[in-house]
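Each chain, letter by letter, is given below.
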Amino acid sequence: MVSVLDSVWEHLIVALDVPSWDQALELLRLLPQVRWWKVGLELYLGAGSEIVAVVRGQGKRIFLDLKLHDIPNTVAAATGILARQGVDLLTVHASGGLAMLRAAQQATQGTTCRLLGVTLLTSLTAPDLQNHLHVPLDPLDYVQHLAQTCQTAGIPGVVCSPWEAARVRQSCGPDLLIVTPGIRLQPGGDDQARTCTPAQARQQGADWIVVGRPITRAPDPQAALLAYAHNWLGDPCC
Ligand code: C5P
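Below, the structure is looked at part by part. Not measured: the values here are computed from a predicted model.

### Let's talk about the overall build of the protein
- Along the protein, the regular secondary structure elements total 11 helices and eight strands.
- In terms of C-alpha radius of gyration, the protein reaches 17 Å, essentially the compact-globule figure of 18 Å for 238 residues.
- With the C-alpha coordinates of the protein rotated into their principal frame, the extents come out at 45 × 35 × 30 Å.
- Expressed as a percentage of the 238 residues in the protein, the buried residues total 51%.
- Once local pairs closer than 6 in sequence are excluded, the contacts in the protein between residues at least 24 apart make up 67%.
- For the protein, the accessible surface area stands at approximately 10600 Å², while carbon and sulfur atoms represent 54% of it.

### Some points on the site of the ligand
- Around the ligand sit 17 residues, and of these Asp17, Lys38, Thr122, Gly212 and Arg213 come closest.
- In the model, an oxygen atom of the ligand is placed 2.8 Å from a nitrogen or oxygen of the Gly212 main chain.
- In this structure, an oxygen atom belonging to the ligand sits 2.7 Å away from a main-chain N or O atom of Arg213.
- When the free accessible area of the ligand is taken as 470 Å², the share hidden by the protein chains comes to 89%.
- Given that more than half its atoms are within 2 Å of the pocket grid, the ligand belongs to the largest pocket.
- Among the elements of the structure, β3 (61–68), β8 (208–211) and α10 (213–216) are those that each provide at least two residues to the shell around the ligand.
- Tallied by class, the residues present in the shell around the ligand amount to eight nonpolar, three polar and six charged.

### Some words on the sheet that holds β8
- The sheet built from eight strands closes into a barrel, its strands ordered β1-β2-β3-β4-β5-β6-β7-β8 with parallel pairing. Here the strands of the sheet are splayed against their neighbours by 25 degrees on average, with no regard to which way each runs.
- Note: strand β4 (residues 89–93) against strand β5 (residues 114–118), five bridges, orientation parallel. Of the residues in β5, the one forming a bridge with His93 is Val118.

### Quick notes on the layout of surface pockets
- As a volume, the largest pocket reaches approximately 590 Å³.
- Lining the largest pocket are 29 residues, and of these Asp17, Lys38, Asp65, Lys67 and Gln192 lie nearest its centre.
- Listing elements by their share of the lining of the largest pocket, those giving two or more residues are β2 (36–40), α2 (41–47), β3, β8 and α10.
- Among the elements that line the lining of the largest pocket, the one with the most residues is β3, at three residues.

### What to know about the packing of helix α4 (residues 72–83) against helix α5 (residues 98–107)
- Closest axis-to-axis distance for the α4/α5 pair is 8 Å, and the angle between their directions is 25 degrees. In this view, α4 runs roughly parallel relative to α5, as classed from their interaxial angle. Judged by the sense of rotation from one axis to the other, the crossing of α4 with α5 is right-handed. Here Pro72, Val75, Ala76, Thr79 and Gly80 of α4 come into contact with α5, specifically with Ala99, Met100, Ala103, Ala104 and Ala107.
- When the residues that make up the contact of α4 with α5 are grouped by side-chain class, the tally is eight nonpolar, two polar and no charged.

Rules used in this analysis
Residues numbered from 1 in each chain as written. Predicted model: local features only at pLDDT ≥ 70, side-chain atom pairs only at ≥ 80, totals over all residues. Heavy atoms only, no water. Helix = DSSP H or I, 4+ residues; strand = E, 2+ residues; numbered from the N terminus. Rg over C-alpha atoms; globule rule 2.2 N^0.38 Å. Buried < 20%, exposed > 50% of the residue type's maximum accessible area, 1.4 Å probe, protein only. Contact = heavy atoms within 4.5 Å. Areas by Shrake-Rupley, 256 points an atom, 1.4 Å probe, with all protein chains shown as cover. Near = heavy atom within 4 Å. Polar contact = N/O pair within 3.5 Å; in protein donor to acceptor, adjacent residues only side chain to side chain. 1 Å grid on protein atoms, 1.4 Å probe; cavity = no way out; pocket = protein on both sides within 12 Å on 5 of 7 lines; lining within 4 Å. Sits in = over half its atoms within 2 Å of the grid points. Nonpolar A, V, L, I, M, F, W, Y, C, P; charged D, E, K, R; others polar. Pairing = 2+ DSSP bridges. Axes fitted to C-alpha atoms, helices over the stretch in contact; angles between N-to-C directions. Points joined across faces, edges and corners; volume = space filled by probe spheres on them. Parallel < 35°, antiparallel > 145°, perpendicular 65-115°, else oblique. Left-handed = near helix turned anticlockwise from the far one by under 90°.

Here's what the structure looks like:
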């Protein structure tokens, strides 16, 4: 049966931020509609790299969020291995520099893995950028700069907060994939600083949203998932 929500499952990625196989498989069971799952450091290190094949074996798509950041040779080698493990999306830090980004992109050739450059973490604020990282730009300009560096390197997409998505879309054009974490139905929450609702992220030009704890740690994950999915569609009920 066709559901009004069918289109949402190509735009909503749920973060499997749990430490064990059992907890990951339980979430897959509770949320059968979800097509895209994000495997991050916690699960990859807690369950082992085999978790990728297991989740894929359930017909799911994998966003492997390991945020690689090292010298070009090391990142290219790691990217080549991961891209051949059946990963659909893989993150590298955009601040790793143009040579690193080019080397990583080169390493995905011949695979279906698409790289995403992580711009500025959604947990960081403008004062963090200026006072602690000593970057004399505001987040909008800094994220735009890193997104354009990713484009120059041939990387097909970026991760940014919804607050910068419109600027990235405007400066990088319609083809760059934009993935936005920091999604909350109410402002703020947990350790996220630059947040928006799913509908706002979509309006700002996001192709995908990533939602973790508001769904996976909800008392009723299925109800929370539906609330986020309806909000993406702009459903006035949510
Ligand atoms: O639980 P929550 O919705 O905050 O999870 C967001 C997920 O997105 C986390 O797994 C986090 O590692 C990831 N992420 C992020 N900010 C980025 C890149 C990835 O929050 N810039």
